[in-house]
Amino acid sequence: MLQRMSFTISGIYYLSVLAKIKLIYIDEEVRILASGLNLGTLTESDKNQFLPLFNNVRMIEGVCHHIEHIKTYNINTKTIHVIFSEANHEHLKYIAAGMVQHRQQQEAELKSQAEEKRILEESRLRRKQEEKEQRIKEIKERNKNHLQMMLNNKRNPIGSSNNLLEIFLPKQVPQSHRLTHCFDCKRELDSHHDIKCTSCRWLLCPCGACGCTYNLMY
Ligand SMILES: [Zn+2]
Ligand SMILES: [Zn+2]
């Protein structure tokens, strides 16, 4: 006969399918023992379900056929369902083996699904990182080209009135002198000599870094 029982286990326990279980009726309680360890007592409703099995004996022996965790309170306290059979009959062993196999299949399936998901997630993150690095590279390249062009214009001004410098550097209200360093290459930057990025307004470092690349990196 198969019976389903639920109980809460505290402490470190080890209960496996096909383990021998002893139910002991003592002090109005049904205690559950496996491998000589006290696993707990049956809940009141389960107790009433089991009491008729005891007849006049104090102890019944059985086999655990299935374990199902229904609630985990913390690492050491769990409520579990156990399918219990009164005797270790061969055909029950057979049923139990089927249950174990089924559970193992389910576990293997879940594991492979999780692995698949992990691989997909990994490649997604890698792609995202590569895109970001590519974008930073592009911005730095663009900034360096821009700086180079400014430098060339300084060396070869095309007439003072329509100097490209003035186009790129519109007359500004004099701003306070700013000394800082590049977050990327640590070079010192000086608002008297270094120009600003037209998008983020940070001082443009000769390495190409500015607020635009900062935002992508951090
Ligand atoms: Zn730099
Ligand atoms: Zn920028």
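**Q** So what's going on with the pairing of strand β2 (residues 20-26)? Which residues, and what values?
**A** Only one face of β2 is covered, namely the face carrying I21, L23 and Y25; the face carrying K20, K22, I24 and I26 is uncovered. In the sheet, β2 pairs with strand β3 (residues 29-34) via six bridges, with the strands oriented antiparallel. When the sheet's bridge partners are listed, K22 is paired in β3 with L33. In this antiparallel pair of consecutive strands, β2 and β3, the connection spans two residues, and D27 shows a positive phi of 50 degrees.

**Q** Help me get a handle on the nonpolar core, residues and values and all.
**A** With 19 residues, the main nonpolar core has L15, I21, L23, F50 and F54 as its most contacted residues. Taken together, the elements giving at least two residues each to this core come down to β2, β3, α1 (44-54), β5 (59-74) and β6 (77-85). I139, L204, C210 and C212 belong to the second largest nonpolar core, which has nine residues in total.

**Q** Lay out the packing of aromatic side chains in plain terms, naming residues and giving numbers.
**A** Evaluated as defined, the whole model comprises five aromatic pairs. The interplanar angle of 85 degrees and the centroid separation of 6.2 Å between the aromatic rings of F183 and W202 together place this pair among those described as edge-to-face. Here the residue F183 occupies a position in the loop between β7 (179-181) and β8 (188-190), and W202 occupies one in the loop between β8 and α4 (211-217), the gap between them amounting to 19 residues. Assessed through its relative accessible area of 15%, F183 is described here as buried. For W202, a relative accessible area of 37% gives the class partly exposed. Arranged with centres 4.9 Å apart and planes meeting at 85 degrees, the rings of F183 and Y214 form a pair that is edge-to-face. Of the two residues, F183 is situated in the loop between β7 and β8 and Y214 in helix α4; the sequence distance between them amounts to 31 residues. These aromatic residues form a ring-pair network of at least three members: F183, W202, Y214 and Y218.

**Q** Could you give an account of the pattern of salt bridges, with specific residues and numbers?
**A** Under the defined criterion, the tally for this structure stands at eight salt bridges. Salt-bridge contacts for R31 lead to E29; the nearest nitrogen and oxygen are separated by 3.9 Å. You can call R31 partly exposed: its relative accessible area is 27%. Owing to a relative accessible area of 33%, E29 belongs among the partly exposed residues under this scheme. Among the salt bridges present, the one from R124 reaches E121, with a minimum N-O distance of 3.0 Å. Placement of the pair is R124 and E121 together in helix α2 (residues 90-155), with a separation of three residues, close to one helical turn. Residue R124 is classed as partly exposed on the basis of its relative accessible area, which comes to 38%. Given the relative accessible area of 36%, E121 is considered partly exposed. If you follow the salt bridges from partner to partner, you end up with D27, E29 and R31 in one network.

**Q** For the coordination of the zinc ion (ligand 1), give the residues involved together with the corresponding values.
**A** Taken together, C182 (SG), C185 (SG), C205 (SG) and C207 (SG) make up the protein donors of the zinc ion (ligand 1), found 2.2 to 2.3 Å from the metal. One can describe the donor arrangement at the zinc ion (ligand 1) as tetrahedral, given that its four donor atoms subtend angles of 102 to 116 degrees at the metal. Written as a sequence motif, the donor arrangement for the zinc ion (ligand 1) is C-x2-C-x19-C-x1-C. The pair C205 / C207 is uniform in exposure class, with both members buried.

**Q** Explain the pairing of strand β4 (residues 37-41) residue by residue, including any values.
**A** Note: β3 against β4, four bridges, orientation antiparallel. When the sheet's bridge partners are listed, R31 is paired in β4 with T41. In this structure, the hairpin formed by β3 and β4 is closed by a connection of two residues, where S35 is found at a positive phi of approximately 50 degrees.

Conventions adopted
- Just so you know, the residues in each chain are numbered from 1, in the order the chain's sequence is written.
- Labels follow written order: the first chain is A, the first ligand is 1, and so on.
- Given that the model is predicted, a residue must reach a pLDDT of at least 70 before its local features are reported, and side-chain atom pairs must reach 80 or more before they are shown or counted; all residues, however, enter totals for whole chains, interfaces and linings.
- Side-chain numbers here rest on the full set of heavy atoms in the structure, without hydrogens or water.
- The classification of residues rests on relative accessible area computed with a 1.4 Å probe and restricted to protein chains. Under 20% of the type maximum is buried, over 50% is exposed, and intermediate values are partly exposed.
- Here a helix means four or more residues in a row that DSSP labels H or I, a strand means two or more in a row labelled E, and each is numbered from the N terminus.
- Being paired, for any two strands, means DSSP has found at least two bridges between them.
- By nonpolar core we mean a set of buried residues, namely Ala, Val, Leu, Ile, Met, Phe, Trp, Tyr and Cys, connected to one another through side-chain atoms within 4.5 Å.
- Stacked, tilted and edge-to-face are the three classes assigned to paired rings of Phe, Tyr and Trp, where Trp is represented by its six-membered ring and a pair needs centres within 6.5 Å; plane angles under 30 degrees give stacked, over 60 edge-to-face, the rest tilted.
- The rule for a salt bridge is simple: a side-chain nitrogen of Lys or Arg has to be within 4 Å of a carboxyl oxygen of Asp or Glu.
- Donor atoms (N, O, S) are those found within 2.8 Å of the metal centre, with the cutoff raised to 3.2 Å for Na, K and Ca; water is not part of the atom list, so apparent gaps in a site can occur.
- Four donors are marked tetrahedral only if all angles between them lie between 85 and 135 degrees, whereas four are marked square planar and six octahedral if opposite donors are more than 155 degrees apart and the other angles lie between 65 and 115; the remainder are marked irregular.

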